[in-house]
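The lines below spell out each chain.
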Amino acid sequence: MGNQQLNARVPDAIAEAARAAAADAGVNLGEYLTRLIDADTRGRRAVFDSVFDQFVQDAKASGAFDDDLLPAA
């Protein structure tokens, strides 16, 4: 049944591992999968924010952009 959650097709061993992890966390499989997706999304957002911050610093340091990231006149 776990391999049919979210209409996904996964091997039974993976479905069993996910079910066991959900049980260990004290949540149902849907909530467990939601938490995994949320954690992944937050991690990707942190990477994006870091890369973007570096881009802004580099753009300002180049002198080609002002503090509002508008082209320098």
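Here the structure is shown first, and the text comes after it.
Conventions used here
- Residues numbered from 1 in each chain as written.
- Predicted model: local features only at pLDDT ≥ 70, side-chain atom pairs only at ≥ 80, totals over all residues.
- Heavy atoms only, no water.
- Helix = DSSP H or I, 4+ residues; strand = E, 2+ residues; numbered from the N terminus.
- Buried < 20%, exposed > 50% of the residue type's maximum accessible area, 1.4 Å probe, protein only.
- Axes fitted to C-alpha atoms, helices over the stretch in contact; angles between N-to-C directions.
- Parallel < 35°, antiparallel > 145°, perpendicular 65-115°, else oblique.
- Contact = heavy atoms within 4.5 Å.
- Nonpolar A, V, L, I, M, F, W, Y, C, P; charged D, E, K, R; others polar.
- Phe/Tyr/Trp six-rings, centres within 6.5 Å; stacked < 30°, edge-to-face > 60°.

### A word on the environment of A15
By the element assignment, A15 lies in helix α1 (residues 12-25). A15 sits in the buried class, given a relative accessible area of 4%. A C-alpha to C-alpha distance of 9.5 Å links A15 and L29, two positions 14 residues apart in sequence.

### With respect to the packing of α1 against helix α2 (residues 29-62)
At a closest axis distance of 9 Å, the pairing of α1 and α2 adopts a crossing angle of 90°. Between α1 and α2, the interaxial angle falls into the category roughly perpendicular. Across the interface between the two elements, A18, R19, A21, A22 and A25 of α1 pack against L29, Y32 and R35 of α2. Of the residues belonging to the contact of α1 with α2, the class tally is six nonpolar, no polar and two charged.

### Some details on the packing of aromatic side chains
Each aromatic ring pair is characterised by the separation of its centres together with the angle its planes make. Applying the stated criterion to the full structure yields two aromatic pairs. For the ring pair F48 and F52, a centre distance of 6.0 Å and an interplane angle of 15° mean the geometry is stacked. Here F52 and F48 lie together in helix α2, a separation of four residues that amounts to about one turn. A relative accessible area of 40% places F52 in the partly exposed class.

Nothing here speaks to function; it is geometry throughout.
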